[in-house]
Amino acid sequence: MIVDDQGREYIDAMASLWYANVGFGREEIADVIAEQTRRLGAFHTFDPFTNPQSEELAAKIVDLSPFERARVFFGSSGSEAVDTAMKLARIAQREAGRPEKHIIVSRERGYHGTNYGGTSVQGIAPNRDGWGPLVPGIINVVADDDEAMKRIFAEHGDEIAAVITEPIQGAAGVWPPPEGYLSHLRDLCDTYGAYLIFDEVITGFGRTGRWFGAQFYGVTPDMITFAKAVTSGYVPLSGVIVGPAVVDGLEANEGFILRTGYTYSGHPAACAVALKCIEIQERESLLERAVAIGELLGAGLRALKDDGMVTDVRGEGGVWGITVPDPVNLVATRDALLDEGVNLRPIPPNHFSMCPPLVITDGQIDSILAALRKVLGAAE
Ligand SMILES: Cc1ncc(COP(=O)(O)O)c(C=O)c1O
């Protein structure tokens, strides 16, 4: 529940901005921040420094990840994680003796944040406009077309450092991959020696019912970016899980020094909160809850489609998108839903997304569906 300045209550069907997996207002998280701030509020982690919270969190994240061996780079925002993964891909290829491999391929409809790397690999065209010149060496490919991806590799394979994609494209309206798409992408990357980066800023930390979308789809990338739900947004934290192929590239030359890092990389309070959020998700079985949410919400949304109020339903676990019939005034529809006490995210031209906290109750899911039925039914 969220409450506005007039005291009106809303069911937040978006977990704020795709992140509040454990819900809002947890006293035990406030306590962790207070305790950690008293013990060690902050101290940087540039060589040779570290702190127990970031070490423990990195080990835990590797444990939860699909990798048998990995290292974790910490930042504060999803955008920092994406730009870092792009930089790591290029420099690891260089260190592995393949300096010509510099191109980064991304997919249309992809959202990768707002720093220059992320803006350059943006698949949502209006988000790229006007910021130029963007980072060179980027190719944006049609979203769901295996053949188009194969053609790009056939033309540029020797120069491709990495492909970046969200396992489920989120900000453009929630688009799961076509059957087999991600494993074909894995095969292509293997054939041409390119790294596969999964941007799991939305799907990471339980959204699909698995810790990572990589595990949900059974496809292991070479790097995973994460942010948002790692701390449920209580404090900013992000990172890149760097799998064995990239680690081996980075460690190929003994004298190599990784010259990238942020002031707040490995911030102890943020890492302590992340450890607590993971503990809560485990203690309260919130991954299993994501699966149950998917069953209830998915069935309800498909019923709206059967009744003609929605033209498309997409999603997995705790993340869903719908398309509403044209013509639609998205903002007016969003406002009408707010009047019904439900917060959804409108996505132009005609989509809404849902990504509720994983602590949402069945009754609250029913209320979301009832509000949609009332508002979209009235618009027919
Ligand atoms: C897949 C993905 N990558 C990156 C980002 C950027 O994260 P941030 O806004 O924390 O920089 C987002 C934000 O929504 C995202 O959904």
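This structure is a prediction, so every number in the text was calculated from the model and none was measured.

Novice: Residue-level account of the overall build of the protein, with values.
Specialist: Secondary structure assignment for the protein yields 13 helices and 14 strands. Taking the principal axes of the C-alpha coordinates as reference, the protein spans close to 65 × 55 × 35 Å. Taken over 380 residues, the protein has a buried fraction of 50%. Of the contacts formed within the protein by residues at least 6 apart in sequence, a portion of 73% connects residues at least 24 apart.

Novice: An account of the domain arrangement of the protein is requested, with residue identities and associated values reported.
Specialist: Taken domain by domain, the protein comprises domain 1 (2-22 + 285-379) and domain 2 (27-283). The gap between the C-alpha centroids of domain 1 and domain 2 is 27 Å. Residues that form the side of domain 1 that touches domain 2 fall into these classes: twelve nonpolar, nine polar and two charged.

Novice: Describe in detail the nonpolar core, supporting the description with residues and values.
Specialist: With 111 residues, the main nonpolar core has Ala85, Ala89, Ala162, Tyr195, Ile197, Met223 and Ile241 as its most contacted residues. The two domains that each donate at least three residues to this core are domain 1 (2-22 + 285-379) and domain 2 (27-283). Once residues within four sequence positions are removed from consideration, Ala89 is found in contact with Ile104, Ala161, Ala162, Tyr195 and Ile197.

Novice: Could you give an account of the site of the ligand, naming the residues involved and the relevant values?
Specialist: Close contacts around the ligand come from 15 residues, with Ser77, Gly78, Ser79, Gly113 and Val201 the closest. A total of three residues in the shell around the ligand trace back to one element, the largest contributor, which is helix H4 (residues 78-95). Per-class residue counts for the shell around the ligand are seven nonpolar, six polar and two charged.

Novice: Can you explain helix H11 (residues 286-306)? Please cite residues and give values.
Specialist: Owing to its 3.6 residues per turn, the α-helix aligns residues three or four sequence positions apart on the same side. Helix length check: H11 (21 residues) gives 30 Å between terminal C-alpha atoms against 30 Å at 1.5 Å per residue, within 8%. Along H11, the residues classified as buried are Leu286, Leu287, Arg289, Ala290, Ile293, Leu297 and Leu301. Seen along its axis, H11 keeps its buried residues to an arc of 125°; they face one direction. Away from the buried face of H11 by more than 90 degrees, exposed residues Glu288, Glu295, Ala299 and Asp306 are located. In this fold, the buried residues of H11 make contact with helix H10 (268-283), strand S10 (312-316), strand S11 (319-323), strand S14 (351-354) and helix H13 (362-379). Immediately downstream of H11, the backbone of Gly308 shows phi near 80°, a positive value.

Novice: I'd like to hear about the sheet that holds strand S2 (residues 9-12), residue by residue, with values.
Specialist: Judged by pairing direction, the sheet is mixed, and its three strands sit side by side in the order S1-S2-S12 without closing on themselves. Strands with a single pairing partner mark the edges of an open sheet, and in this sheet they are strand S1 (2-3) and strand S12 (342-343). Judged from the two bridges that link them, S1 and S2 form a sheet pairing that is antiparallel. Looking across to S2, one finds that Val3 is bridged to Glu9.

Novice: So what's going on with the sheet that holds strand S5 (residues 138-141)? Residues and values would help.
Specialist: Across the sheet, seven strands lie side by side as S3-S9-S8-S7-S6-S4-S5; this open sheet has mixed pairing. Looking at which strands have only one partner, the edges of the open sheet turn out to be strand S3 (71-75) and S5. Strand-to-strand twist across the sheet, computed as the mean angle between neighbouring axes with direction ignored, equals 20°. Two strands pair when backbone bridges link them, and strand S4 (residues 103-107) and S5 are joined in this way by four bridges, in the parallel orientation. Paired with Val105 across the strands is Ile139, a residue of S5. Against the sheet, H4 engages S3, S4, strand S6 (160-165), strand S7 (195-199), strand S8 (223-226) and strand S9 (238-242), with an angle of about 30° to S9. Contacting S6 and S7, helix H7 (residues 181-192) crosses the sheet at an angle of about 145° to S7.

Novice: Mind laying out the pairing of S7, listing which residues take part and the relevant values?
Specialist: In terms of residue burial, S7 counts as a mostly covered element, since five of its five residues are buried. With burial as the criterion, each face of S7 is covered, one bearing Tyr195, Ile197 and Asp199 and the other bearing Leu196 and Phe198. Pairing between S6 and S7: four bridges, direction parallel. Looking at S7, one finds that Val163 is bridged to Leu196. One crossover worth recording links S6 to the parallel S7 by way of H7, and it is right-handed.

Novice: Mind laying out the environment of Thr165, listing which residues take part and the relevant values?
Specialist: When you line up the elements, Thr165 lands in strand S6. Apart from residues lying up to four places away in sequence, Thr165 is in contact with Ser106, Arg107, Gly110, Phe198 and Asp199.

Each value, and the rule that gives it
- Residues numbered from 1 in each chain as written.
- Predicted model: local features only at pLDDT ≥ 70, side-chain atom pairs only at ≥ 80, totals over all residues.
- Helix = DSSP H or I, 4+ residues; strand = E, 2+ residues; numbered from the N terminus.
- Buried ≥ 20, exposed ≤ 12 C-beta atoms within 10 Å, placed from the backbone.
- Contact = placed C-beta atoms within 7 Å.
- Domains from an automatic or database assignment.
- Nonpolar A, V, L, I, M, F, W, Y, C, P; charged D, E, K, R; others polar.
- Core = buried A, V, L, I, M, F, W, Y, C linked by C-beta atoms within 7 Å.
- Near = placed C-beta within 6 Å.
- Expected span 1.5 Å × (residues − 1).
- Arc of directions from axis to C-beta.
- Pairing = 2+ DSSP bridges.
- Axes fitted to C-alpha atoms, helices over the stretch in contact; angles between N-to-C directions.
- Right-handed = clockwise from strand over helix to strand, strands pointing away.

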